[in-house]
Amino acid sequence: MCTGIQPKQTIQDAFRATAVARGDQAALLGGSSTWTFSRLDKASDAAAAALVRRGVGIGDRIGLYCPNAPEFVLSYLGILKAGATVVP
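Owing to the predicted nature of the structure, the values given are computational and were not obtained by experimental measurement. (Residues numbered from 1 in each chain as written. Predicted model: local features only at pLDDT ≥ 70, side-chain atom pairs only at ≥ 80, totals over all residues. Heavy atoms only, no water.)

Trainee: I keep staring at the pattern of salt bridges and nothing clicks. Help me out?
Mentor: Here the idea is simple: oppositely charged side chains can pair when their charged atoms come close. In total, this model carries 4 salt bridges according to the counting rule given. Salt bridges linked by common partners bring R16, D41, D45 and K81 together as one network. (Salt bridge = Lys/Arg side-chain N within 4 Å of Asp/Glu carboxyl O.)

Trainee: Explain the packing of helix α2 (residues 37-53) against helix α3 (residues 70-81) here, please?
Mentor: When two helices pack together, their arrangement is given by the angle between the helix axes and by the axis-to-axis distance. Two elements in contact, α2 and α3, have axes whose closest approach is 7 Å; the angle formed by their N-to-C orientations is 55°. As summarised for this structure, α2 and α3 are arranged oblique, according to the angle between their axes. Between α2 and α3 lies a crossing whose hand is right-handed. For the pair formed by α2 and α3, the contact residues are L40, D41, A43, S44, D45, A47, A48 and L51 on the first element and V73, L74, L77, G78, I79 and K81 on the second. Residues belonging to the contact of α2 with α3 are distributed by class as follows: 9 nonpolar, 2 polar and 3 charged. (Axes fitted to C-alpha atoms, helices over the stretch in contact; angles between N-to-C directions. Helix = DSSP H or I, 4+ residues; strand = E, 2+ residues; numbered from the N terminus. Parallel < 35°, antiparallel > 145°, perpendicular 65-115°, else oblique. Left-handed = near helix turned anticlockwise from the far one by under 90°. Contact = heavy atoms within 4.5 Å. Nonpolar A, V, L, I, M, F, W, Y, C, P; charged D, E, K, R; others polar.)

Trainee: How do you make sense of the packing of helix α1 (residues 11-22) against α2 when you look at a structure like this?
Mentor: The interhelical angle for the contact between α1 and α2, taken along N-to-C directions, is 140°, at an axis separation of 8 Å. Put simply, α1 runs oblique to α2. Where α1 crosses over α2, the handedness of that crossing is left-handed. Only F37, L40, D41 and D45 of α2 make contact with α1, whose side of the interface consists of F15, R16, T18, A19 and R22. The class makeup of the residues in the contact of α1 with α2 is 4 nonpolar, 1 polar and 4 charged.

Trainee: Where do I start with the pairing of strand β2 (residues 33-36) in this structure?
Mentor: Regular strands place their side chains on alternate faces of the sheet. Here strand β1 (residues 26-30) pairs with β2 via 4 bridges, running antiparallel. The partner of G30 across the bridge, within β2, is S33. Here β1 folds back onto β2 in antiparallel fashion, the turn holding 2 residues, of which G31 has a positive phi close to 60°. (Pairing = 2+ DSSP bridges.)

Trainee: Honestly, α3 in this entry has me stumped. Any pointers?
Mentor: Because an α-helix packs 3.6 residues into every turn, residues spaced three or four apart end up facing the same way. With 12 residues, α3 extends 17 Å from end C-alpha to end C-alpha; this agrees with the ideal 16 Å at 1.5 Å per step. Taken together, the buried positions of α3 are P70, L74, L77, G78, I79 and L80. As for α3, its buried residues are in contact with α1, β1, β2, α2, β3 (61-63) and β4 (85-87). One or two positions beyond α3, positive phi appears at G83, with a value near 95°. (Expected span 1.5 Å × (residues − 1). Buried < 20%, exposed > 50% of the residue type's maximum accessible area, 1.4 Å probe, protein only.)

Trainee: Explain the packing of aromatic side chains to me, please; I cannot follow it from the model alone.
Mentor: The description of two aromatic rings rests on the distance between their centres and on the angle between their planes. Applying the stated rule across the entire model yields 2 aromatic pairs. Ring centres of F15 and F37 lie 6.0 Å apart, and the angle between their planes is 40°; on these two criteria the pair is classed as tilted. Here the residue F15 occupies a position in helix α1, and F37 occupies one in helix α2, the gap between them amounting to 22 residues. Overall, F15 belongs to the buried group, its relative accessible area being 11%. Taken together, a centroid distance of 5.9 Å and an interplanar angle of 40° make the contact between F72 and Y76 tilted. Residue F72 and its partner Y76 are located together in helix α3, separated by 4 residues, close to a single helical turn. F72 gets classed as partly exposed once you look at its relative accessible area, which sits at 23%. (Phe/Tyr/Trp six-rings, centres within 6.5 Å; stacked < 30°, edge-to-face > 60°.)

Here you go:
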């Protein structure tokens, strides 16, 4: 059983809690780059803000077509943080 996850906690809430707890630890390895939890959290916040500025919000569905790369995770989290639903 997973520990530290609260009932009805969203994926983005669980990720943020992990980013706070493990900020400087590696979250993703892709090619020659390493993404820490903190870096991924900040970058996905920026992606969410960009989506919201473009009118994306709660109830919207956003298609995500991306190779298996760190950018997929960044985009996935950004869409969730903007309040939309990811359609991979």
